[in-house]
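Results of the structural survey
So the chains spell out like this:
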Amino acid sequence: MNLPGFKSEPTQITVEQEIEVRIRGLMMDPATRQPIVVLNDLAGEVVLPIWVGLFEANAIALEIEKATTPRPMTHDLMRNLVHGLNARVTRVVVGALHEDTFHATIWMDQGGEVVALDARPSDAIALALRSDCPIFVSKQVFDHAREASASAASLSPEDLRRWLENLNDDEMGRYKM
């Protein structure tokens, strides 16, 4: 079916436009008391804080700590569904920032077919951890986040980056919420 703007195969951002990240830590925003997932590029030069919900932060923390629960949690169910449908999560990309809200895409392979699902970054990150796949942030999101924080915050982006990078494990809460 040929509909205007419809693509049977989703377009993937090229690797040059993405930066692979790792989770630097989880912490609570002292002002809002909201959890923050702190992402860091592999070189340790770029820091990106993403405010998330308490339940999603807990799901991320549980997987980082490799804690087990008596019954599957929501993100464990998501992983089991993906596997049950003979698919594999190949990557997660935080690819957009609109009106101070981050948007992510979960990329999967199902029998050679590429499937892309829109997701909240917190859910995508929780699933990526359980699927042992890489997490990426688009360069455009890093740039946009820097601009937004520069205009909205009293701290410069460089000061915020330095502060986040210099937090020790105790200050980061050792992933505890």
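First, a word on scope: everything that follows refers to the structure included in this document.

Spatial strand order, β3-β2-β1-β7-β4-β5-β6: seven strands in an open sheet with mixed pairing. Of all the strands in the sheet, just β3 (47-51) and β6 (113-119) have a single pairing partner and so form its edges. Each strand of the sheet is rotated relative to its neighbour by a mean of 35°, with strand direction disregarded. Bridge analysis of strand β1 (residues 18-28) against strand β2 (residues 35-41) gives seven bridges, and the strand direction is antiparallel. Across the sheet, M27 pairs through a bridge with I36, a residue of β2.

The subject of this paragraph is unusual backbone geometry. The phi dihedral of R33 is positive, around 60°, even though this residue is not glycine. As for its placement among the helices and strands, R33 is situated in the loop between β1 and β2. Of note in the backbone geometry, D132 takes a positive phi value of approximately 50° without being a glycine. As for its placement among the helices and strands, D132 is situated in the loop between α3 (121-131) and β7 (135-138).

Here we take up the pattern of salt bridges. One side chain can pair with another of opposite charge once the charged atoms of both are near each other. Evaluated as defined, the whole model comprises nine salt bridges. With a shortest N-O distance of 2.0 Å, R91 and E18 are connected by a salt bridge. You can see R91 sitting in strand β4 (residues 87-98) and its partner E18 sitting in strand β1, a full 73 residues away along the chain. For the pair R91 and E18, a shared accessibility class is recorded, and that class is buried. R130 is the partner of E63 in a salt bridge, and the nearest nitrogen-oxygen pair spans 3.9 Å. Remark: R130 occurs in helix α3 and E63 occurs in helix α1 (residues 54-64); sequence separation between them is 67 residues. One exposure class covers both E63 and R130, and it is buried.

Moving on, we come to the environment of A87. For A87, the location among the structural elements is in strand β4. A87 sits in the buried class, given a relative accessible area of 10%. Distance from A87 to E113, taken between C-alpha atoms, is 9.2 Å for residues 26 residues apart in sequence. Filtering out sequence-adjacent residues up to four positions away, A87 remains in contact with V82, D109 and Q110.

Below, the discussion takes up the layout of surface pockets. Its boundaries defined by the atoms lining it, the second largest pocket holds a volume of some 160 Å³. Lining the second largest pocket are E20, V21, E63, I64, K66, A128, L129, D132, C133, P134 and I135. Secondary-structure elements contributing two or more residues to the lining of the second largest pocket are β1, α1 and α3. Here the lining of the second largest pocket is built from residues that sort into seven nonpolar, no polar and four charged.

Definitions and cut-offs
- Residues numbered from 1 in each chain as written.
- Predicted model: local features only at pLDDT ≥ 70, side-chain atom pairs only at ≥ 80, totals over all residues.
- Heavy atoms only, no water.
- Pairing = 2+ DSSP bridges.
- Helix = DSSP H or I, 4+ residues; strand = E, 2+ residues; numbered from the N terminus.
- Axes fitted to C-alpha atoms, helices over the stretch in contact; angles between N-to-C directions.
- Salt bridge = Lys/Arg side-chain N within 4 Å of Asp/Glu carboxyl O.
- Buried < 20%, exposed > 50% of the residue type's maximum accessible area, 1.4 Å probe, protein only.
- Contact = heavy atoms within 4.5 Å.
- 1 Å grid on protein atoms, 1.4 Å probe; cavity = no way out; pocket = protein on both sides within 12 Å on 5 of 7 lines; lining within 4 Å.
- Points joined across faces, edges and corners; volume = space filled by probe spheres on them.
- Nonpolar A, V, L, I, M, F, W, Y, C, P; charged D, E, K, R; others polar.

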